[in-house]
Amino acid sequence: MRIEQLEYFAAVTQHGSLRRASERLHLSQPALSEAISKLERELGVTLLDRRRSGARISQEGRQLLQHVEGVLEAVDQLRVAAGDRTTTARAVRVGTVNAATATLLVPAVHDFQVTHPGSTVEVLNLQQGEIDRALLEGSLDLGLVNTLSGDDPPVDLLGTDLLHGRPVVVLPGGHPLCAREAVTVEELRAERFVAMRAGYLMHRFAHRLFGQDLPSVSHTTDGAEMGKLLVAEGLGLSLLPDFSVAGDPLERAGLIAHRPIAEDTAVVTLVLRRRKVAHAPEPVRDLHAALVARARQYQQARAS
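Let me begin by describing the structure that accompanies this report.

What follows deals with the overall build of the protein chain. The helix and strand tally for the protein chain stands at 11 helices and 12 strands. Projected onto the principal axes, the alpha-carbon positions of the protein chain cover approximately 65 × 40 × 30 Å. Residues counted as buried form 48% of the 304 residues belonging to the protein chain. For the protein chain, the accessible area works out to roughly 15200 Å², and carbon and sulfur atoms hold 51% of it. Each charge sign in the protein chain was given a centre, from 34 positive and 37 negative side chains, and these centres are 3 Å apart.

Below you can see the structure in the form of structure tokens.
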């Protein structure tokens with residue numbers, strides 16, 4: 001067994017396919033596949049499920065992944081202790097539904113960069129289901145998702161509640177409804193509406209709020225960031241968690257505003273998810289800690 005074989009397996013799980021891993025490793029795909037096949041034969045397990053649509057980590061591979069990552073982290077620490085300056089810092093991959101990007105994620109990445117100047121954070125904008133699957137398969141290290149009260153958490157992932165908030169109406173700055181303390185469902189239904197696409201929590205919440213009588217004129221988009229841009233351009237109103245809007249650069253510039261929904265009591269929670277592993281790599285642990293710390297600061301600032 002060679003360290004390179006473990007690195008190749010970790011690269012396939014991280015990048016999600018043999019093709020993408022081979023591109024990142026600058027290695028031909030057949031050579032990469034054969035190296036992992038040799039590792040499988042040596043270990044006596046199937047690490048990858050190979051199909052016509054591509055190769056994905058197997059159930060046995062998931063169980064062994066944390067041990068592989070632990071070995072690779074120990075090897076990196078050994079190389080650093082020996083004075084090897086060529087060690088490449090591990091990239092931390094974060095999937096997000098674009099929740100609290102400006103108020104939480106970006107500041108946390110900044111904090112992480114200060115303590116890990118040579119490390120890389122890759123942020124992927126995905127839907128919640130995609131994030132949970134990628135976490136289980138090892139292609140993501142951390143995931144930021146929104147949940148509603150009563151949602152059941154996935155049994156195979158660990159979750160840390162970061163922020164609790166309320167769904168709010170997002171309006172263009174200067175919109176007549178900005179003069180209201182709260183916006184009613186009927187007032188919102190009468191406006192052009194910017195909806196989140198199916199697969200996002202706020203799509204589900206909008207259908208719960210409006211029932212069968214959805215706004216007659218609407219646009220659909222992926223994620224909060226594009227939704228806020230469309231609202232800022234006056235293309236409609238939207239529904240988002242308050243922590244996705246408060247402190248956003250568009251709000252600070254007066255281009256968007258937000259108001260509570262009259263008589264609505266729903267609670268949205270921003271959850272930080274990760275795989276159930278005994279020992280996560282140090283960069284993953286530190287970014288996790290930075291996100292938790294920033295969430296605590298944000299909550300304290302709101303309370304004061």
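Text resumes after the structure shown.
Looking now at the sheet that holds strand 3 (residues 91–96). Hydrogen bonding along the main chain pairs the strands of a sheet, whether they run parallel or antiparallel. Spatial ordering of the open sheet is given by 4-3-5-12-6, a layout of 5 strands whose pairing is mixed. The sheet is open, and its two borders are formed by strand 4 (120–125) and strand 6 (157–165), each paired with just one other strand. Recorded for the sheet is a direction-independent mean angle of 25° between the axes of neighbouring strands. Examined bridge by bridge, strand 3 and strand 5 (residues 142–148) share 3 bridges and lie parallel to one another. By the bridge assignment for strand 5, T96 is matched with L144. The sheet contacts of helix 6 (residues 128–137) involve strand 3, strand 5, strand 6 and strand 12 (268–275), and relative to strand 5 the element is tilted by about 140°.

Taken in spatial order, the 5 strands of this open sheet run 9-8-10-7-11, and their pairing is mixed. Of all strands in the sheet, those bounded by a partner on one side alone are strand 9 (218–221) and strand 11 (256–260). Ignoring strand direction, the axes of neighbouring strands in this sheet form an average angle of 35°. Where strand 7 (residues 167–172) and strand 10 (residues 237–241) come together, 4 bridges link them in antiparallel fashion. In the strand pairing of strand 10, P167 is matched with P241.

What counts as what
Residues numbered from 1 in each chain as written. Predicted model: local features only at pLDDT ≥ 70, side-chain atom pairs only at ≥ 80, totals over all residues. Heavy atoms only, no water. Helix = DSSP H or I, 4+ residues; strand = E, 2+ residues; numbered from the N terminus. Buried < 20%, exposed > 50% of the residue type's maximum accessible area, 1.4 Å probe, protein only. Areas by Shrake-Rupley, 256 points an atom, 1.4 Å probe, with all protein chains shown as cover. Lys, Arg positive; Asp, Glu negative; His and termini not counted. Charge placed at Lys NZ, Arg CZ, Asp CG, Glu CD. Pairing = 2+ DSSP bridges. Axes fitted to C-alpha atoms, helices over the stretch in contact; angles between N-to-C directions. Contact = heavy atoms within 4.5 Å.

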